[in-house]
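Observations on the three-dimensional arrangement
Now for the letters of each chain:
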Amino acid sequence: GDSVTQMEGPVTLSEEAFLTINCTYTATGYPSLFWYVQYPGEGLQLLLKATKADDKGSNKGFEATYRKETTSFHLEKGSVQVSDSAVYFCALRGAGSYQLTFGKGTKLSVIP
Amino acid sequence: KAGVTQTPRYLIKTRGQQVTLSCSPISGHRSVSWYQQTPGQGLQFLFEYFSETQRNKGNFPGRFSGRQFSNSRSEMNVSTLELGDSALYLCASSPPDPAKYFGPGTRLTVL
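Residues numbered from 1 in each chain as written. Chains lettered and ligands numbered in written order. Predicted model: local features only at pLDDT ≥ 70, side-chain atom pairs only at ≥ 80, totals over all residues. Heavy atoms only, no water.

**Here's the deal with the overall build of chain B**
On a plain count of helices and strands, chain B comes out with 0 helices and 11 strands. Each helix and strand of chain B, placed in order from N terminus to C terminus, yields the pattern β-β-β-β-β-β-β-β-β-β-β. Taken against the 2.2 N^0.38 rule, which gives 13 Å for 111 residues, the C-alpha radius of gyration of chain B at 13 Å falls within 12% of a compact globule. Counting only C-alpha atoms and orienting by the principal axes, one finds that chain B spans roughly 35 × 25 × 25 Å. Within chain B, buried positions represent 50% of all 111 residues. Within chain B, contacts between residues at least 6 apart in sequence are counted, and of these 53% link residues at least 24 apart. (Helix = DSSP H or I, 4+ residues; strand = E, 2+ residues; numbered from the N terminus. Rg over C-alpha atoms; globule rule 2.2 N^0.38 Å. Buried < 20%, exposed > 50% of the residue type's maximum accessible area, 1.4 Å probe, protein only. Contact = heavy atoms within 4.5 Å.)

This is how it looks when you write it as structure tokens:
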């Protein structure tokens, strides 16, 4: 079945540092890929998505590129802020499916 | 516009009881999905409804059920509660593209 593997957290960075959160997936066909963010005490928010190979999703300074050859969708941001502290989830939706399969989540803490 | 609303936000129940959770999607959205979030299992898909029809169901026992009404509001029910059902239950609504906007969740504690 479909699965998503994310790097284990927690990740602690200083403000303005470069962020990479690795995500790899296993799925048949051509899934759509997503990154969600969950701030403390809140539900999930869709951060960005990509629906086909080589697509780049971007939002709020975050980027991720759909790499089919490496089955990866790594999240990057050039300069993190304290307000980016949250839990980040990588997810996929299989072709023709109505459900998301999530990774375990990576907790990011950004310190001033 | 108003976001996804879930009620109640917090619930405490005892083993063996049943519980009903409610989700009101964003106006105009016809797809509603439910997910269970626990520290051990992470986020797991429960079911998805579109125009009152269940299109997909996750790998949960029959004690977990749901429905969607004509106004797109959805409810999920868990019968014969077990300790392991303690979780944050998240609802998401979308246009036909599933799970785009999530609500804040209902925190269920089973004692």
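**Quick look at the confidence of the model for chain B**
Looking at chain B, pLDDT values average 93 and 95% of them are 70 or higher. Ranking the elements of chain B by mean pLDDT puts strand 10 (residues 101-102) of chain B last with 88 and strand 3 (residues 19-24) of chain B first with 98. (pLDDT = per-residue confidence, 0-100.)

**Here we look at the environment of Thr71(A)**
Residue and element names in this part refer to chain A. By the element assignment, Thr71 lies in the loop between strand 8 (62-65) and strand 9 (75-77). As for Thr71 and Tyr25, which are separated by 46 residues in sequence, their C-alpha atoms are 5.6 Å apart. Ignoring any residue separated from it by four or fewer positions in sequence, one finds Thr71 in contact with Cys23, Thr24 and Tyr25.

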